[in-house]
Amino acid sequence: MTLSLISVLSQDISGLWLLLKASTDEIMHQDITPLCAADIQDQLRKRFAYLSGGRGQDGSPVITFPDYPAFSDVPDKEFQNVMTYLTSIPSLQDAGIGFILVIDRRQDKWTSVKASVLRIAASFPANLQRVLVLRPTGFFQRTLSDLAFRFNRDDFKMKVPVTMLSSVPELHDYIDKSQLTEDLGGTLDYCHTKWLCHRTAIESFAVMVKQTAQMLQSFGTELAETELPNDVPSTSSVLIAHTEKKHKAKENMRLALDEGRSILESIREPLARSTEQSPNQDQLDNQTTVQRLLAQLNETEAAFDEFWAKHQQKLEQCLQLRHFEQDFREVKAALDTLAQKIVTFTDVGNSLAHVEHLLKDLTSFEEKSSAAVERARALSLEGEQLIGNKHYAVDSIRPKCHELQHLCDQFAAEVGRRRGLLGKSLELHSLLEASMKWCDEGIYLLASQPVDKCQSQDGAEAALQEIEKFLETGAENKIQELNKIYQDYELILTQDLREHVQKVFQKQESMEEMFHRRQASLKKLAAKQTRPVQPVAPRPEALAKSPCASPGIRRGSENSSCEGSARRGPYRRAKSEMSEGRQGRGSSTGDEEESLAILRRHVMNELLDTERVYVEELLCVLEGYAAEMDNPLMTHLISTGLQNKKDVLFGNMEEIYHFHNRIFLRELENYIDCPELVGRCFLERMEEFQIYEKYCQNKPRSESVWRQCADCPFFQECQKKLDHKLSLDSYLLKPVQRITKYQLLLKEMLKYSKSCEGAEDLQEALSSILGILKAVNDSMHLIAITGYDGNLSDLGKLLMQGSFSVWTDHKKGHSKVKDLARFKPMQRHLFLHEKAVLFCKKREENGEGYEKAPSYSYKQSLNMAAVGITENVKGDVRKFEIWYNAREEVYIIQAPTPEIKAAWVSEIRKLLTSQLQAFREASQHRVLEQSQSLPLPATASASPSKGNTRNIKKLEERKTDPLSLEGYVSSTSLPKAPEKGREHW
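Residues numbered from 1 in each chain as written. Predicted model: local features only at pLDDT ≥ 70, side-chain atom pairs only at ≥ 80, totals over all residues. Heavy atoms only, no water.

Named according to an unreviewed UniProt entry, the protein is MCF.2 cell line derived transforming sequence like originating from Equus asinus. Per UniProt, the protein has the following entry under Sequence similarities (unreviewed entry): "Belongs to the MCF2 family." Under the Subcellular location (unreviewed entry) heading, UniProt states for the protein: "Cytoplasm". (UniProt positions renumbered as here; feature names shortened; annotations may be inferred.)

As structure tokens, this is what we get:
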């Protein structure tokens with residue numbers, strides 16, 4: 001509906017309201033007097049004058065002044081009010097004819113009659129037609145009145161004649177009996193009390209109708225002048241406020257209608273009871289007035305309902321428009337964001353796996369974007385429905401619908417274009433992978449052909465057929481024309497990809513050239529030989545290096561090689577096969593390097609493939625389990641023991657995932673073409689790998705939570721959603737397995753890269769990874785120590801830890817205890833720190849998984865500042881001594897193997913040597929400070945450094961002894977570790 005139609009309807013309703021207001025003004029005669037029956041109810045109730053509803057012969061209204069002894073006592077103001085009100089009741093037409101006054105003074109005196117007539121004549125406010133006076137009935141008063149009226153006629157000169165009547169029958173000559181009340185000999189049924197109630201009710205109803213009309217007019221003006229808001233909350237508020245006012249207006253109209261119907265019923269009820277008596281004119285006027293007001297109220301209500309329906313429709317359409325506009329802004333912002341994101345999908349991939357990963361990312365992005373696109377299309381359909389429903393803002397809605405459709409189509413087209421490019425990239429990389437695989441298989445084929453068998457004509461022909469058969473497969477796998485590749489894949493050929501295509505093509509050509517050379521050689525061998533071939537004996541160096549020096553030896557080697565190849569991995573088996581081929585025929589250095597390059601590429605592919613799988617598994621756990629613990633819909637499945645245990649159960653897995661997904665995996669992919677340099681990638685990120693130590697330290701707590709809650713329905717539901725065959729604990733072990741996998745892959749890569757540029761980096765990376773594994777292992781043992789009162793971090797870095805057999809020998813102590821200690825070893829787990837060595841008792845725990853891991857009960861600690869060492873102990877190469885405070889306490893340590901003993905002795909020697917060097921530098925610094933502060937040179941006996949010098953000399957002498965090295969007890973710097981339970985070994 002347009003605003004012009006609303007305005008027209010508003011004008012129509014305003015006209016009806018004005019008509020209703022005019023009707024009520026007419027009823028109330030507000031242009032004459034504001035008086036109402038309710039205002040002068042007490043004065044009317046005195047009944048010194050009343051309007052019975054009777055009419056004269058010409059329809060003149062009759063006002064009766066009954067016999068009222070106290071008439072002269074009525075105040076002039078009251079008299080004036082009553083006269084004014086009574087003359088205002090008849091219609092203007094009847095009042096224009098003139099009133100007939102009937103003054104009943106039959107029981108009064110002449111003097112009172114005269115005074116009453118004069119008073120009435122002087123203050124009557126309306127037109128008079130005739131005054132009829134019933135004079136007193138007493139003989140004296142009647143005679144007196146006749147004489148007085150004749151002689152005082154001039155005093156009664158009025159605009160209308162005054163007629164003196166001697167009896168009621170004379171009155172009937174002027175007014176019909178049916179128009180007179182019973183006290184005047186008439187038959188008109190009149191009850192003053194009922195009349196007063198009717199007048200009060202009718203006037204109250206008229207006031208109510210007038211107020212309703214004013215209220216409707218004001219409300220209609222407000223509705224017509226309301227400006228439509230520009231946002232959803234304001235529009236909703238306006239609609240609610242107007243609806244509330246509409247209900248209030250309807251309620252007021254209902255009350256007015258009910259009041260009017262009640263009054264009309266009270267007017268009709270007496271007439272219905274008495275069918276013989278006809279209503280008087282006033283009754284008929286009252287009934288008509290009420291009926292007219294009711295009709296106008298009904299008409300006004302219908303018009304208001306129609307107006308409200310249009311106005312409500314306008315507001316509801318406005319609210320729909322504001323919702324549509326708000327949703328449009330949100331959807332458009334979402335589509336703009338998607339458009340910005342899809343623009344960033346420019347990578348076409350650098351390998352087959354990378355392209356597959358990009359396609360998977362694009363599919364995932366499209367699935368996540370589908371909600372926004374579907375919402376946009378649904379909003380466009382919603383806009384079309386608004387247009388179909390004849391919304392007033394069609395010109396605003398239609399362009400937005402078209403824009404939404406355009407954005408959705410544009411996004412779909414861009415996704416399709418990106419998918420097409422990635423499809424072409426996948427096709428190209430599949431072709432490149434097939435070509436490279438074909439080249440590798442060709443190299444393997446050449447490497448696997450034994451030279452000795454090819455010396456015969458049959459062997460050469462068989463090998464030649466094998467090569468020709470393989471070359472036939474090239475039609476499906478190799479690159480046919482390089483220019484055609486450039487032409488077909490021009491849209492996706494970046495500079496790097498173009499170079500990669502060239503390298504693959506060059507490799508393919510090189511491999512084909514190798515095949516052609518081999519074909520030429522085999523064709524010569526396959527030709528009929530005219531003279532025997534003299535076999536050439538291998539060089540001595542080859543004999544020394546080759547495991548196939550003689551047929552017998554070679555056969556045994558082949559057997560053992562076959563058995564071993566079943567146990568070795570694919571890389572070792574491939575290398576073994578190529579090594580045997582090379583040793584059998586003495587292939588060139590180029591072929592050997594090509595074979596190693598293939599092996600390095602295999603290792604790199606496994607590293608990348610397993611890394612991608614690892615990242616996917618971590619993401620699966622974080623989204624499928626960890627995130628679901630915060631899902632309100634899954635809360636009811638989480639047991640009490642699992643609540644608030646998310647950080648304990650998963651540790652810092654999210655931190656590990658972000659490191660691998662955002663950093664390490666992407667950097668590894670940069671080394672796909674130079675796998676021998678991948679050690680640099682590990683070295684650059686070695687510091688970040690420390691996060692695995694935190695994860696492994698939390699693993700026992702995680703295992704404990706898992707064992708307590710493994711049967712929780714939450715885990716079962718998550719596993720079902722993910723379609724995992726293995727439970728969560730298997731995936732929580734993935735980080736531990738992954739950090740150990742790296743050192744195996746680095747060892748394998750180093751094995752095939754010893755002559756390459758990155759060999760040193762690979763060796764350093766391997767050592768660093770092994771160091772991390774050792775630190776992780778040591779920290780796992782360290783956190784299992786119980787009973788130590790101090791802070792373990794104060795003891796410095798943990799250098800080594802392990803289990804040993806320990807004998808003790810104390811100078812102070814009971815002889816039997818000393819003898820017993822010498823012959824009975826104790827099993828102790830030692831922790832070597834920079835500042836102390838701890839002796840602990842290993843205690844195996846009952847349980848499963850990490851709960852079965854041992855704990856260590858603290859027994860003893862030795863401050864490294866007071867420790868000495870004896871490297872060799874007679875009788876056992878696995879034993880060495882640690883002694884304390886100048887051999888006051890001696891601990892004989894037996895390692896599990898001589899190698900472990902050598903490692904511990906070497907580490908302790910390094911530690912004590914560094915302490916000696918630090919003490920020597922500190923002593924020299926003190927001597928220098930003292931020499932600068934003394935004015936005179938000190939004598940040798942007074943030298944402050946004499947004692948220190950002697951101690952250093954003593955240490956140096958002991959250091960020269962290959963059997964011992966004792967630390968020096970300094971009065972400064974080094975903290976002393978707490979010693980506990982020395983007697984409870």
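### Section: the nonpolar core
Counting 67 residues, the largest nonpolar core has Leu642, Val678, Phe682, Phe689, Phe714 and Phe715 as the members making the most contacts within it. Looking at this core, the element that brings in the most residues is helix α21 (residues 589-626), giving 13 residues. Setting aside anything within four residues of it in sequence, one finds Phe715 in contact with Tyr625, Leu642, Leu649, Trp706, Cys709, Ala710 and Leu728. Counting residues in hydrophobic clusters, the runner-up holds 34 residues, among them Phe65, Leu101, Ile120 and Val162. (Core = buried A, V, L, I, M, F, W, Y, C linked by side-chain atoms within 4.5 Å. Buried < 20%, exposed > 50% of the residue type's maximum accessible area, 1.4 Å probe, protein only. Helix = DSSP H or I, 4+ residues; strand = E, 2+ residues; numbered from the N terminus. Contact = heavy atoms within 4.5 Å.)

### Let's talk about the pattern of salt bridges
One pass over the structure, following the stated rule, counts 41 salt bridges. Two residues, Asp76 and Arg119, come together in a salt bridge whose shortest N-O distance is 2.9 Å. You can see Asp76 sitting in helix α3 (residues 76-88) and its partner Arg119 sitting in helix α5 (residues 110-123), a full 43 residues away along the chain. In this structure, Arg375 engages Glu330 in a salt bridge whose closest nitrogen and oxygen atoms are separated by 2.8 Å. Taken together, the residues Arg375 in helix α11 (residues 352-388) and Glu330 in helix α10 (residues 281-343) connect sequence positions 45 residues apart. (Salt bridge = Lys/Arg side-chain N within 4 Å of Asp/Glu carboxyl O.)

### Observations regarding helix α25 (residues 691-709)
The end-to-end C-alpha distance of α25 is 26 Å, a good match for the 27 Å that 19 residues give at a rise of 1.5 Å each. When the local axis directions of α25 are compared, the greatest deviation, roughly 40°, occurs at Lys699, which is followed within four positions by the proline Pro700. (Expected span 1.5 Å × (residues − 1). Bend = angle between axes of the 7 residues up to and from the residue.)

### Brief notes about the pairing of strand β8 (residues 826-833)
Consecutive side chains of a regular strand alternate in pointing toward one face of the sheet and then the other. Most of β8 is tucked away: seven of the eight residues are buried. Bridge count between strand β7 (residues 798-810) and β8: eight bridges; the pairing is antiparallel. Pairing of Leu798 across the sheet is with His833, part of β8. Strand direction decides the pairing type here: β8 and strand β9 (residues 836-843), joined by four bridges, are antiparallel. Paired with Phe831 across the two strands is Leu838, which belongs to β9. Remark: two residues form the turn of the hairpin made by β8 and β9, two consecutive strands paired antiparallel. (Pairing = 2+ DSSP bridges.)

### Quick notes on the pairing of strand β1 (residues 50-55)
Counted residue by residue, β1 has six buried out of six residues, so it is predominantly covered. Note that β1 and strand β2 (residues 61-65) share three bridges and pair antiparallel. If you follow Leu51 over to β2, its bridge partner there is Ile63. Between the antiparallel neighbours β1 and β2 lie five residues, among them Gly59 with a positive phi of about 90°.

### Some points on the packing of aromatic side chains
Using the criterion set out here, one finds 28 aromatic pairs in the structure. With 6.1 Å between their ring centres and 10° between their planes, Phe682 and Phe689 make a pair best called stacked. On the basis of relative accessible area, Phe682 is assigned to the buried category, the value being 1%. Pairing Tyr788 with Tyr858 gives two aromatic rings, centres 5.0 Å apart and planes at 80°, and the pair type is edge-to-face. Taken together, the residues Tyr788 in the loop between β6 (785-786) and β7 and Tyr858 in strand β10 (residues 855-863) connect sequence positions 70 residues apart. Tyr858 matches Tyr788 in its accessibility class, with the two residues each being buried. Sitting over the ring of Trp807, Lys879 keeps its end group 4.2 Å from the ring centre. (Phe/Tyr/Trp six-rings, centres within 6.5 Å; stacked < 30°, edge-to-face > 60°. Lys NZ or Arg CZ within 6 Å of the ring centre and 35° of its normal.)

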